[in-house]
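# Overview (structure and organization)
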Amino acid sequence: NEYASTSYGDKGFFYNAKCSYILGEYDNAIQNFKEVVKRYPDSLVALFSQLAIGKSFEQKDELEKAIDAYDSSNFLHFRGKLPQYGYVVAEATFRQAQCYEKLNQLDNAAKNYGIIINQFDDTLKAMVNEKSRKLLKYARVLADSLEGIDIPSAENIDDSFLAMVDYTEAIHKLKMEDDLSNNPQ
């Protein structure tokens, strides 16, 4: 406890709890992981400790308590504070679904699996949109640097496909004009 307020205090508490978990001392692990969450509520180790509480209950085959520990409401205060938030919540949701399956609560399990699928779809869409925005920015710079191309810029991601078509057509036209001027028949 004398080192609790040092920069390694949170890690010390976390790894103490983790050792209890590895040794199969799940009651002690739960108590220690809860202490980490209480003492260091906004830390990365608190985020992973909340997940580990659920895992400890799973190991004890106390699946209802594991389901409660994995509930997304236990993780809400981490949203926007830690980049690992989404990953940990997805794992908690998945593990919660597995507990529901073991308890033969298949409707709840299916609901959680659906949440995970939607999270994946949303993340993928966000990544594609971000990449599209960056590519449109570079395409605009390229188009502005070429003579003879007049293309309206895409103001938002919904315009990105149309802008891509415009860019492709303009670049193709420019290429054709260049080929014809360099190779007259």
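Up top is the structure.
A brief structural summary. (Residues numbered from 1 in each chain as written. Predicted model: local features only at pLDDT ≥ 70, side-chain atom pairs only at ≥ 80, totals over all residues. Heavy atoms only, no water.)

Another aspect to go through is the pattern of salt bridges. Two side chains that carry opposite charge are able to pair once their charged atoms sit near each other. For the structure shown, the criterion picks out nine salt bridges. Its salt-bridge partner being Lys60, residue Glu62 comes within 3.1 Å of it at the nearest N-O pair. Salt-bridge contacts for Lys65 lead to Glu62; the nearest nitrogen and oxygen are separated by 3.4 Å. Given the relative accessible area of 46%, Lys65 is considered partly exposed. Taking the relative accessible area as the measure of exposure, Glu62 reaches 24% and is therefore partly exposed. (Salt bridge = Lys/Arg side-chain N within 4 Å of Asp/Glu carboxyl O. Buried < 20%, exposed > 50% of the residue type's maximum accessible area, 1.4 Å probe, protein only.)

Attention now moves to the side chain of Ser56. Locating Ser56 in the fold gives a position in helix H3 (residues 44-59). Look past the residues within four positions of Ser56 in its chain and what remains in contact with it is Tyr21, Tyr26, Ala29, Ile30 and Phe33. (Helix = DSSP H or I, 4+ residues; strand = E, 2+ residues; numbered from the N terminus. Contact = heavy atoms within 4.5 Å.)

In this structure, Phe33, Ile53, Phe75 and Phe78 are the most contacted members of the largest nonpolar core, which totals 31 residues. A per-element tally of this core places H3 first, with seven residues. Those residues in contact with Phe78 that sit more than four places away from it in its chain are Pro41, Asp42, Ser43, Ala46, Leu47 and Tyr85. (Core = buried A, V, L, I, M, F, W, Y, C linked by side-chain atoms within 4.5 Å.)

With that out of the way, let us pick up the packing of aromatic side chains. A complete count under the given rule lists five aromatic pairs for this structure. Note on Phe13 and Tyr40: the rings are 6.0 Å apart at their centroids and 55 degrees apart in plane angle, and the pair reads as tilted. One end of the pair, Phe13, is in helix H1 (residues 9-22); the other, Tyr40, is in the loop between helix H2 (26-39) and H3, and 27 residues separate them in sequence. Side by side, Phe13 and Tyr40 carry an identical accessibility label, which is buried. (Phe/Tyr/Trp six-rings, centres within 6.5 Å; stacked < 30°, edge-to-face > 60°.)

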